[in-house]
Amino acid sequence: MKDNKNLLEIKDLSIHYITDDGTVRAVEEMNLEIGVGETLGLVGETGAGKTTTALGIMNLVPNPPGKIIGGEIVFEGEDLVKKSQSELRKIRGNKISMIFQDPMTSLNPVMTVGDQIAEVVKLHQNVNAAEATERAMEMLEKVGIPGTRHKDFPHQFSGGMRQRVVIAIALACNPTLLIADEPTTALDVTIQAQVLDLMRNLKHEFNTSMIMITHDLGVVAEVCDKVAIMYAGNVIEYTDVKRLYTSPKHPYTIGLFGSIPDIESDESRLKPIKGLMPDPTNIPSGCPFHPRCPKAMDICSQRKPKNTEVEPGHFVKCLLFENTEK
Amino acid sequence: MSKIKTSNNQEEVKAVSKKKRSPWVEVWRRLRQNKSAMFGLAIIGLLVFCAIFADLIAPYGIDDQDLRARFITPSRDYLFGTDNFGRDILSRIIYGSRVSLQVGFIAVGISALTGGALGAIAGFYGGRLDNVIMRFVDILLAIPGILLAISIVSALGPGLQNVMIAVGIGSIPSYARIVRASVLSLRDQEFVEAAKAVGANDFRIISKHIIPNSMAPIIVQATLGVAGAILSAAGLSFIGLGIQPPTPEWGSMLSSGRQYLRDYWHIATFPGLAIMITIFALNLLGDGLRDALDPRLKS
Amino acid sequence: MQERLLEVRNLKKHFNTKKGLLHAVDGVNFFINKGETLGLVGESGCGKSTTGRVVLRLLEATDGEIIFEGKDILQFNKQQLREMRKEMQIVFQDPFASLNPRMSLSEIIAEPLVVNKVFSDKLEMQKRVKELMDTVGIAERLTNAYPHELDGGRRQRIGIARALALNPKFIVQDEPVSALDVSIQAQILNLMDDLQDEFGLTYLFISHDLSVVKHVSDRIAVMYLGKIVELSDYNSMFKNPLHPYTQALLSAIPVPRIDIKRERILLEGDVPSPINPPEGCRFYGRCQYRQEICRQKTPELRDMGNEKYVACHFTGDLRPASE
């Protein structure tokens, strides 16, 4: 994991939202790295801070109320946090692009899909209209839509096809990093399978790195190389896919696995995590997971767990593992 | 059984003790943060106060004529001056607020109730009934509001009651359309289906589930509508079709002051200002309510 | 032989649309035994939710019979329908849209009791509301709270309490956990499991999520474009799916494991429109085993023995399309 050059390194990133009801620590001291061509799965439930992380990388956190409090986002050797908005605009949609969850709302309903792809190309590359249109048709073919349909409007496509168009827009400028925020959640399973397959193929073809934000551990198992599990703004477990699925360490991760009905086995009862996600403005002291944790100790409510490397390349934020270090 | 219970009671305490308020309480909380809306509300409050306690506040009676004190410009004795009959303009404006508010609220009441009921029925049942009601509404809408009011008043004769009816009928269409639109969007909501599933009849569904949820646009429209109604009534009175003198009505005061405008500016100016400030305050409040009720702004 | 609580025969629901007749449910047959859960799966637009609503007469059926406890509820008059509503309830998908935002939790739970005039005494009714809140695991202090103050999981519990209020025998669960986070989803699934045992409930569980359906169901029906294509007990459905669509659907589920790699059948194209569907097998255009007869003749649901039913001309004898 260390030997290949990292495309993106996130160091101690914290993002807060300052609201009337208090400060929401959406992302707390996050450390992640993604190598060239790698896919990182960012997993968590509603309010875990997944989408804020994605917006943070693009420096698109709505400000106010959101603010990057500290940390670095080093992309291709440069810190994105320090860049001006105009510099960032050159990167967004060009070197880093994003796919959103809802293919219905992320396309402009009154513009043809071809124009929407061409627009991004024209914005970032020095091409004329004819070349941009040609590129748009080429991209449509790449995502499995006949190029001749470039004059069609979004409403003429089905949900799965629209998500393909969104992918075509995202990949039109050959980005080095693709951030996909729940790209298949709104789709049916058979369509989801098609889209995931397409994303996997395109990623190999373009050697794009990807951050896959999802709540579905099944999707992660299929497309990701590394996984970061988030809970209440913290990455509580971070390792490669194989380790996470064979030996999950953090009680929350274990709880997540216990909550999903497994189609391959016959369990009569699920083993859910008790309680609810904490109120984001009122995160429990110490380890944010301690009120719901089956293995909570007295110290868990008092001290924040540190990021601990339990085995090479396997990081866990849990007090159970802190003393086992070295 | 115990295993089913939620395990975390402390969290629930926290979640609820933090905020325990009905949706309306939240609307009020948001409205309070809006300074201009609160300013509007304060003025309307003052006006309502004046209307209720006019007898106590007004320095002179409505019809107290003092022919020696005609056309007096604003002074210590007569803050807003006197008119051509030597009547105190301030007192007449204070008493006039009764008439204006009455017209405003009752006219809006007539149109909101009739229009709301028509819209709710049209939206809920749809089909032919919807078609018939909405075409009737379209016909009303095709006639300019003031023209309609003038024709109704000319037919029924001038006077407070007829003005209220005339102005009320004129704004039925807007309520019918607003309510119909919101009923259409609510009709297919799952909570309405849930009510059907437990056997609730149409009356209960409309009154318990649909109307309370379509209140927001009606309240906004009604607040702005009161302003419109006051203005229309004043307009009717101004052209002599509305409330007849000597009843102190702002529009007719404005009208009678018009002929002396060149020499005695105050006679027409103060009733005019009263109308303007009232409308302004109602509009501020209406806009504030719209923002406070807009679910998109809900945190 | 188990007792059948509900039987649906040749159920049809068509909608008139501007583009033509939409065959949302097109000749569906199934039965549910007392105390069991029948899972109804399919992708969006396949008619599964419409089926659930027609069964409860929230939508009027176009044709067919719905036999509940031996009587065809489609023949019921208003009075009988009101009585029936006490026996058959529904839990909705969206815990945000299914609760009236202007009503407090206790009002929402009490509504079925008020509507059906179950209690004449107000205190009695409050007692029942408290009991229901306790049953679904909602703290009593939330009685006067409003839905917007609660998270999705708790709202769904309120929806369940409302459905239980009249002691129904049968509950349609329309995607009850799709809108919830996984850890909350598991809590709700366990709750419904417990309630089924405690009150002897019968469920029709509608979902697009096969893993969830497999977890909760005794038998499963797979729907595609208004028709049931396969119906069997959950074990044989997952071990030995016979319909090509079921096979593709099962293979498309992402499994949260890395030790098992499964053969994936990628379907071509999208689900076709349910408006004026052509004669023949509805799955024809996407099936990799299609033959000439599939285009001409609509396959009927055939009994394959052991309570397994499949609607395919070539069950057990699938050959790649000869094109």
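Residues numbered from 1 in each chain as written. Chains lettered and ligands numbered in written order. Predicted model: local features only at pLDDT ≥ 70, side-chain atom pairs only at ≥ 80, totals over all residues. Heavy atoms only, no water.

- As recorded in an unreviewed UniProt entry, chain C goes by Peptide/nickel transport system ATP-binding protein and comes from Alkaliphilus hydrothermalis.

- Chain B appears in an unreviewed UniProt entry as Peptide/nickel transport system permease protein from Alkaliphilus hydrothermalis.
- Comment text from UniProt for chain B, heading Sequence similarities (unreviewed entry), reads "Belongs to the binding-protein-dependent transport system permease family."
- Comment text from UniProt for chain B, heading Subcellular location (unreviewed entry), reads "Cell membrane". (UniProt positions renumbered as here; feature names shortened; annotations may be inferred.)

### Observations regarding the overall build of chain C
- Helix and strand counts for chain C come out as 10 helices and 12 strands.
- The C-alpha radius of gyration of chain C comes to 21 Å, within 12% of the 20 Å expected for a compact globule of 323 residues.
- Residues classed as buried in chain C amount to 62% of the 323 residues present.
- Residue pairs in contact within chain C that sit at least 24 positions apart in sequence constitute 64% of those at least 6 positions apart. (Helix = DSSP H or I, 4+ residues; strand = E, 2+ residues; numbered from the N terminus. Rg over C-alpha atoms; globule rule 2.2 N^0.38 Å. Buried < 20%, exposed > 50% of the residue type's maximum accessible area, 1.4 Å probe, protein only. Contact = heavy atoms within 4.5 Å.)

### Side note on the nonpolar core
- Counting 71 residues, the largest nonpolar core has Ile158, Ile160, Leu164, Leu189, Leu210, Val222 and Tyr245 of chain C as the members making the most contacts within it.
- The element contributing the most residues to this core is helix α6 (residues 182-199) of chain C, with 7 residues.
- Those residues in contact with Tyr245 of chain C, other than ones at most four positions away along the chain, are Glu43, Val222, Met223, Tyr224, Val229, Leu267 and Phe283 of chain C.
- Of all hydrophobic cores here, the second largest spans 60 residues; its members include Val143, Val227, Ile273 and Cys293 of chain A. (Core = buried A, V, L, I, M, F, W, Y, C linked by side-chain atoms within 4.5 Å.)

### Digging into the UniProt feature "transmembrane region" (unreviewed entry) in chain B
Residues and elements named next belong to chain B.
- The UniProt feature table records "transmembrane region" (unreviewed entry) at residues 39-62, 105-125, 137-157, 163-179, 218-244 and 264-286.
- As annotated, residues 39-62 comprises 75% helix and 0% strand, and the C-alpha atoms at either end are separated by 29 Å.
- Helix makes up 86% of residues 137-157 and strand 0%. Its end C-alpha atoms lie 24 Å apart.

### Some details on the pattern of salt bridges
- Counted under the stated rule, the structure contains 46 salt bridges over all chains.
- The partner of Lys169 of chain C in a salt bridge is Glu87 of chain C, and the shortest N-O contact between them spans 3.1 Å. Of this pair, Lys169 of chain C sits in the loop between α5 (152-164) and β7 (170-174) while Glu87 of chain C sits in helix α2 (residues 78-87), placing them 82 residues apart in sequence.
- Look at the salt bridges and you will find they share partners, linking Asp197, Arg200 and Glu222 of chain A together with Arg264 of chain C into a network. (Salt bridge = Lys/Arg side-chain N within 4 Å of Asp/Glu carboxyl O.)

### Things to note about the interface of chain A and chain C
- Each partner contributes residues to the interface: chain A has 42 residues there, and chain C has 43 residues.
- Both sides together, the interface formed by chain A and chain C hides about 3700 Å², and carbon and sulfur atoms give 55% of it.
- Put simply, chain A and chain C have 3 salt bridges between them.
- With a closest N to O distance of 2.8 Å, Arg264 of chain C and Glu222 of chain A form a salt bridge.
- Viewed at the interface, chain C and chain A are joined by 11 residue pairs in polar contact (both at pLDDT 80 or more).
- Breaking the side of chain A that touches chain C down by element, the ones donating at least two residues are α6 (189-206), α7 (217-223), α8 (241-246) and α9 (251-259) of chain A.
- Here the side of chain A that touches chain C gets 7 residues from one element, more than from any other, and that element is α6 of chain A. (Buried area = accessible area lost by both parts, 1.4 Å probe. Polar contact = N/O pair within 3.5 Å; in protein donor to acceptor, adjacent residues only side chain to side chain.)

### As for the UniProt feature "domain: ABC transmembrane type-1" (unreviewed entry) in chain B
- Feature annotation in UniProt places "domain: ABC transmembrane type-1" (unreviewed entry) on residues 97-286 of chain B, given in this structure's numbering.
- Between the C-alpha atoms that bound residues 97-286 of chain B the distance is 19 Å, and the span itself is 84% helix and 0% strand.

### Examining the confidence of the model for chain B
- Summarising the model, chain B shows a mean pLDDT of 84, and 91% of its residues fall at 70 or more.
- The low-confidence segment residues 1-19 of chain B, where pLDDT is below 50, has 34 contacts with residues more than four positions distant or belonging to other chains. (pLDDT = per-residue confidence, 0-100.)

### Considering the pairing of strand β10 (residues 227-233) of chain C
Residue and element names in this part refer to chain C.
- Of all the 7 residues making up β10, 6 are buried; the element is thus mostly covered by neighbouring parts of the structure.
- Judged from the 6 bridges that link them, strand β9 (residues 219-224) and β10 form a sheet pairing that is antiparallel. Directly across from Arg219, in β10, lies its bridge partner Asp233.
- Hairpin connection, β9 to β10: the antiparallel pair is bridged by 2 residues, and Leu225 has positive phi, about 50 degrees.
- As paired elements, β10 and strand β12 (residues 309-310) share 2 bridges and run antiparallel to each other. Among the inter-strand pairings, Glu230 is bridged to a residue of β12, identified as Val310. (Pairing = 2+ DSSP bridges.)

### Description of the packing of aromatic side chains
- Tallying each qualifying case throughout the model produces 16 aromatic pairs over all chains.
- When the centroid spacing of 5.0 Å and the interplanar angle of 80 degrees are considered together, the rings of Tyr231 of chain A and Phe289 of chain A count as edge-to-face. Here the residue Tyr231 of chain A occupies a position in strand β9 (residues 226-231), and Phe289 of chain A occupies one in the loop between α9 and β11 (307-311), the gap between them amounting to 58 residues. Just as Tyr231 of chain A is buried, Phe289 of chain A falls in that class too.
- The interplanar angle of 70 degrees and the centroid separation of 5.2 Å between the aromatic rings of Tyr252 of chain A and Phe289 of chain A together place this pair among those described as edge-to-face. With a gap of 37 residues between them, Tyr252 of chain A in helix α9 and Phe289 of chain A in the loop between α9 and β11 connect regions that are remote in the sequence.
- Members of the aromatic cluster, each reached through a chain of ring pairs, are Tyr231, Tyr252 and Phe289 of chain A.
- Over the ring of Tyr284 of chain C we find Arg290 of chain C, and its NZ or CZ is 5.7 Å from the ring centre. (Phe/Tyr/Trp six-rings, centres within 6.5 Å; stacked < 30°, edge-to-face > 60°. Lys NZ or Arg CZ within 6 Å of the ring centre and 35° of its normal.)

### Section: helix α10 (residues 190-197) of chain B
- The buried count for α10 of chain B comes to 7 of 8 residues, which makes it a mostly enclosed element.
- Gly199 of chain B sits one or two positions beyond α10 of chain B and adopts a positive phi of about 95 degrees.

### A closer look at the environment of Gly45 of chain C
- Counting through the fold element by element, Gly45 of chain C comes out in the loop between β3 (37-41) and α1 (48-55).
- Linking Gly45 of chain C and Asp209 of chain C, residues 164 residues apart in sequence, is a C-alpha distance of 14 Å.

### Brief notes about the sheet that holds β12 of chain C
Residue and element names in this part refer to chain C.
- Pairing is mixed in the open sheet, where 8 strands are placed in the order β6-β7-β8-β3-β9-β10-β12-β11. The sheet is open, and its two edges are formed by β6 (88-91) and β11 (302-303), each paired on a single side.
- Where β7 lies against strand β8 (residues 202-207), 5 bridges are found, and the strand directions are parallel. If you follow Asp174 over to β8, its bridge partner there is Ile206.
- α5 rests against β6 and β7 of the sheet, and its axis sits at about 175 degrees to β6.
- Contacts from helix α9 (residues 244-252) reach β9 and β10, with the element oriented near 105 degrees to β9. (Axes fitted to C-alpha atoms, helices over the stretch in contact; angles between N-to-C directions.)

### Focus: the pairing of strand β1 (residues 4-17) of chain C
All names here are of chain C.
- As paired strands, β1 and strand β2 (residues 20-33) are joined by 11 bridges and run antiparallel to one another. Pairing of Glu7 across the sheet is with Phe31, part of β2.
- Relative to strand β4 (residues 63-68), β1 runs antiparallel, the two sharing 5 bridges. Residue pairing across strands places Leu6 opposite Phe68, the latter belonging to β4.

### Description of the packing of helix α2 (residues 23-32) of chain B against helix α13 (residues 265-293) of chain B
All names here are of chain B.
- It is at 9 Å that the axes of α2 and α13 come closest, and there the two elements cross at 125 degrees. On the basis of the axis angle, α2 is oblique to α13. Here α2 runs over α13; the crossing is right-handed. Between α2, through Trp24, Val27, Arg30 and Leu31, and α13, the contact on the second element is made entirely by Leu285, Gly288, Leu289, Ala292 and Leu293.
- Its residues assigned to classes, the contact of α2 with α13 shows 7 nonpolar, 1 polar and 1 charged. (Parallel < 35°, antiparallel > 145°, perpendicular 65-115°, else oblique. Left-handed = near helix turned anticlockwise from the far one by under 90°. Nonpolar A, V, L, I, M, F, W, Y, C, P; charged D, E, K, R; others polar.)

### Quick word on the sheet that holds strand β2 (residues 22-35) of chain A
Residues and elements named next belong to chain A.
- Pairing is antiparallel in the open sheet, where 4 strands are placed in the order β2-β1-β4-β5. The open sheet terminates on both sides in strands that have one partner only, identified here as β2 and β5 (78-79).
- The sheet contact formed by strand β1 (residues 6-19) and β2 spans 10 bridges and is antiparallel. Bridged to Ile18 within β2 is Thr23.

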